[in-house]
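Next come the chains, spelled out residue by residue.
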Amino acid sequence: MREHYADRIVALSARLVTPFIQLFALYVIFHGHYSPGGGFQGGAMLAASFLLIRLSIGTDAAQLQFQRSWGTPGSSIGTLIFLGTGLIVVFLGVNFLDYSGLPFGLPEPELRNTGILLVELGVAVAVTATLTAIYDDLVGEKPELHHAGLEESATRTEEADQLTGSEPAESPRKAGRT
């Protein structure tokens, strides 16, 4: 049994397009406070690039880009960046997420841009890590074993149908065809 379901063309295409997806995701993240886009959209695109590699060349090889163990810590770090940016100014006597109170010694417009960028980075890290972790958790530790179990179950069902002499159940789409 194969460990993943990609062929060379799919793997090569995924490897060629992934850096461009990641570069555009970073553009969306860093340009998000000037135009539409930002942390969530860029984080989702970054996670999609990691998932594209996982789907095309296999989960084990994709661990070089984003390891399975980084999901929960990455989500926590992103959330802490977001909350930390908002809470620092609260402790300094300013409203939550009022970036003019950040203690960086910059003029107010630059403080606001810096604060928004920090929040966008926090959201992007949290979204990327969370979406990748959700996929990894759904697939499990050994996706190859999961696929093998499904194939064995289907084989046992077909063998049982042959022993009882019953016809395998047709799908609703096939049943309507003539």
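Refer to the structure printed above.
Cut-offs applied
- Residues numbered from 1 in each chain as written.
- Predicted model: local features only at pLDDT ≥ 70, side-chain atom pairs only at ≥ 80, totals over all residues.
- Heavy atoms only, no water.
- Helix = DSSP H or I, 4+ residues; strand = E, 2+ residues; numbered from the N terminus.
- Buried < 20%, exposed > 50% of the residue type's maximum accessible area, 1.4 Å probe, protein only.
- Contact = heavy atoms within 4.5 Å.
- Areas by Shrake-Rupley, 256 points an atom, 1.4 Å probe, with all protein chains shown as cover.
- Phe/Tyr/Trp six-rings, centres within 6.5 Å; stacked < 30°, edge-to-face > 60°.
- Expected span 1.5 Å × (residues − 1).
- Bend = angle between axes of the 7 residues up to and from the residue.
- Salt bridge = Lys/Arg side-chain N within 4 Å of Asp/Glu carboxyl O.

Asks: What should I look at first to understand the overall build of the protein in this one?
Replies: Looking only at helices and strands, one finds seven helices and zero strands in the protein. In the protein, the order of α-helices and β-strands from amino to carboxyl end is α-α-α-α-α-α-α. Counting only residues that meet the buried cut, the protein has 31% of its 178 residues in that class. Of all intrachain contacts in the protein linking residues separated by at least 6 positions in sequence, the fraction that spans at least 24 positions is 61%. Accessible surface computed for the protein: about 11,600 Å², of which carbon and sulfur atoms make up 65%.

Asks: So what exactly am I meant to see when it comes to the packing of aromatic side chains here?
Replies: The geometry of an aromatic ring pair is captured by the separation of the ring centres together with the interplanar angle, meaning the angle of the planes. The full count for this structure, using the stated rule, is three aromatic pairs. With centroids separated by 5.6 Å and ring planes inclined at 85°, the aromatic side chains of phenylalanine 66 and tryptophan 70 adopt a geometry described as edge-to-face. Take phenylalanine 66: its relative accessible area is 10%, and that puts it in the buried class. Classification of tryptophan 70 by relative accessible area gives partly exposed; the value is 39%. Members of the aromatic cluster, connected to one another through ring pairs, are Phe50, Phe66 and Trp70.

Asks: What should I look at first to understand helix α4 (residues 71-91) in this one?
Replies: What sets the pattern is the α-helix's 3.6 residues per turn: residues three or four places apart point alike. Given a rise of 1.5 Å per residue, 21 residues ought to cover 30 Å, and the 30 Å separating the end C-alpha atoms of α4 matches this to within 8%. Glycine 84 marks the point of greatest bend in α4, at about 25°. Its buried side turned inward, α4 meets α5 (108-139). One or two steps after α4, the chain reaches glycine 93, where phi turns positive at roughly 90°.

Asks: Can you walk me through the pattern of salt bridges in this structure?
Replies: Pairing is possible between side chains of opposite charge, provided their charged atoms come close. Under the defined criterion, the tally for this structure stands at three salt bridges. As a salt-bridge pair, aspartate 98 and arginine 112 come within 3.4 Å of each other at their nearest N and O atoms. Linking aspartate 98 in the loop between α4 and α5 with arginine 112 in helix α5, this pair joins segments that are 14 residues apart in sequence. Glutamate 108 serves as the salt-bridge partner of arginine 112, at 2.8 Å between the closest nitrogen and oxygen.

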